[in-house]
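Listed here are the chains, written in short residue letters.
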Amino acid sequence: VTGGAFTGTKVLITVTDENGTDEFAPVVTSSQTNLYFMRGENAPRVFVSRRATKNENWGAPVEEPALKAAKTNDSISWVSDDDCVMYLTKDEGTVDLLTYMATRPKN
């Protein structure tokens with residue numbers, strides 16, 4: 001991304017393309033090595049796909065067990081590069097969105 005405009009070719013990220021399943025709110029860390037997204041319709045869950053470098057293929061997505069408490073109207077809005085801080089946005093159907101922070105200890 002340069003100056004707010006995309007350059008190059010768009011590429012489908014196939015790990016977020018499970019047939020017949022709603023997937024939304026993708027967030028990539030600035031290192032481009034961790035991809036978080038929501039999967040599911042009535043009770044969406046947080047999934048993560050990882051790769052060693054930004055030039056490699058994404059690994060198979062796995063559910064993020066620490067965030068099983070995410071509610072139907074929650075979505076991910078930001079994740080720190082060390083995976084220790086995540087912002088979840090809650091849409092209550094009102095004008096205001098609520099943002100929550102989930103943290104875990106650094107390894």
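Residues numbered from 1 in each chain as written. Predicted model: local features only at pLDDT ≥ 70, side-chain atom pairs only at ≥ 80, totals over all residues. Heavy atoms only, no water.

Remarks on the nonpolar core
- Grouped together as the largest cluster of nonpolar side chains are 11 residues: Ala 25, Val 27, Tyr 36, Met 38, Val 46, Val 48, Leu 67, Ile 76, Val 79, Met 86 and Leu 88.
- Looking at this core, the elements that each hand over two or more residues are strand S1 (23-28), strand S2 (34-39), strand S3 (45-50), strand S5 (74-79) and strand S6 (85-91).
- When residues no more than four places from it in sequence are discounted, the contact partners of Met 86 are Tyr 36, Leu 67, Ile 76, Trp 78, Val 79, Tyr 100, Met 101 and Ala 102.
- By size, the runner-up hydrophobic cluster in this structure holds 5 residues, among which are Val 15, Leu 35, Phe 47 and Trp 58. (Core = buried A, V, L, I, M, F, W, Y, C linked by side-chain atoms within 4.5 Å. Buried < 20%, exposed > 50% of the residue type's maximum accessible area, 1.4 Å probe, protein only. Helix = DSSP H or I, 4+ residues; strand = E, 2+ residues; numbered from the N terminus. Contact = heavy atoms within 4.5 Å.)

Looking at the sheet that holds strand S4 (residues 62-63)
- Strand order in the open sheet formed by 4 strands is S1-S2-S3-S4, and the pairing between neighbours is antiparallel. Each of the sheet's edge strands pairs with one partner strand only, and the pair in question is S1 and S4.
- Sheet topology note: the S2/S3 ladder contains 6 bridges and is antiparallel. Among the inter-strand pairings, Arg 39 is bridged to a residue of S3, identified as Arg 45. (Pairing = 2+ DSSP bridges.)

A word on the pairing of S1
- Pairing analysis gives 4 bridges linking S1 to S2, with the strands arranged antiparallel. If you follow Glu 23 over to S2, its bridge partner there is Arg 39.

So, the side chain of Thr 89
- Relative to the helices and strands, Thr 89 is located in strand S6.
- In this structure the side chain of Thr 89 is engaged in a polar contact, spanning 3.2 Å, whose partner is the side chain of Ser 77. (Polar contact = N/O pair within 3.5 Å; in protein donor to acceptor, adjacent residues only side chain to side chain.)

Some words on the side chain of Ser 80
- Mapped onto the fold, Ser 80 is located in the loop between S5 and S6.
- By relative accessible area, Ser 80 is classed as buried at 9%.
- A polar atom in the side chain of Ser 80 sits 2.6 Å from the side chain of Asp 82.
- Among residues more than four places away in sequence, those in contact with Ser 80 are Thr 29 and Val 85.

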